[in-house]
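One-letter residues, chain by chain:
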Amino acid sequence: MISIIIPTYNESELIGKLINFLKEFGNKDISEIIISDGGSTDNTAEIAKNAGAQVIISPQKGRAAQMNFGASMATSDILYFIHADTLPPPSFFTDI
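Keep in mind it's a predicted model, so treat the numbers as computed, not measured.

Asker: Talk me through the side chain of Ser 40; I want residue IDs and the actual numbers.
Answerer: Relative to the elements of secondary structure, Ser 40 occurs in the loop between β2 (30-37) and α2 (44-50). The class for Ser 40 is buried, based on a relative accessible area of 18%. At 2.6 Å, the side chain of Ser 40 forms a polar contact with the backbone nitrogen of Asn 10. In terms of polar contacts, Ser 40 uses its side chain to reach the side chain of Asp 37, at 2.6 Å. Setting aside chain neighbours within four positions, we find Ser 40 in contact with Thr 8, Tyr 9 and Asn 10.

This is the structure in structure tokens:
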């Protein structure tokens, strides 16, 4: 099982597509998708929640701080960090 951690800030246009992609190609081997948000002013958090992700608000804004905060909340031994503006290959889980 893996935990996927995505740092976000105003990613409403992309986050739903990424979460759905990860769920489709991650099989049932994903224990959680954590959105570590930096205080978005758009509806990133709402879209992510509706897509099935766990949304946490990072106490510090900034990619590294948000990734570290997300990692501290993860429950799996394997952590996969990905940015909201990317799509991994469909084989991402088996590649990991």
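Anyway, onward from the coordinates.
Asker: If you had to explain the pairing of β2 to someone new, which residues and values would you point to?
Answerer: Of all the eight residues making up β2, seven are buried; the element is thus mostly covered by neighbouring parts of the structure. Here seven bridges tie strand β1 (residues 2-8) to β2, and the two strands are oriented parallel to one another. Directly across from Ile 4, in β2, lies its bridge partner Ile 33. Handedness of the crossover is the feature at issue here: the chain leaves β1, passes through helix α1 (residues 15-25), returns alongside β2, and the resulting connection is right-handed. Pairing geometry for β2 and strand β3 (residues 54-57), over four bridges, is parallel. The partner of Ile 35 across the bridge, within β3, is Val 55. A crossover links β2 with its parallel partner β3, the connecting element being α2, and its sense is right-handed.

Rules behind the numbers
- The residue numbers shown here count from 1 along each chain, following its written sequence.
- Where totals are concerned, whole chains, interfaces and linings use all residues; where local detail is concerned, this predicted model gives features only for residues with pLDDT of at least 70, and gives and counts side-chain atom pairs only at 80 or more.
- To obtain the side-chain values, all non-hydrogen atoms of the structure were included, while hydrogens and water were left out.
- A run of DSSP states H or I qualifies as a helix once it reaches four residues; a run of E qualifies as a strand once it reaches two. Both are numbered from the N-terminal end.
- Classification of residues uses two cut-offs on accessible area relative to the type maximum, computed with a 1.4 Å probe and protein chains only: under 20% is buried, over 50% is exposed, and between them is partly exposed.
- Under this definition, polar contacts are N or O atom pairs within 3.5 Å; protein pairs additionally need one hydrogen-donor-capable and one acceptor-capable atom, and for neighbouring residues in sequence, both atoms have to be side-chain atoms.
- In this analysis, two residues are considered to be in contact whenever any of their non-hydrogen atoms come within 4.5 Å of each other.
- A pair of strands counts as paired when DSSP detects no fewer than two bridges linking them.
- Whether a crossover is right-handed depends on one test, that the path from the first strand over the helix to the second runs clockwise when the strands point away from the viewer.

Geometric descriptors of this kind do not, in isolation, establish any biological role.
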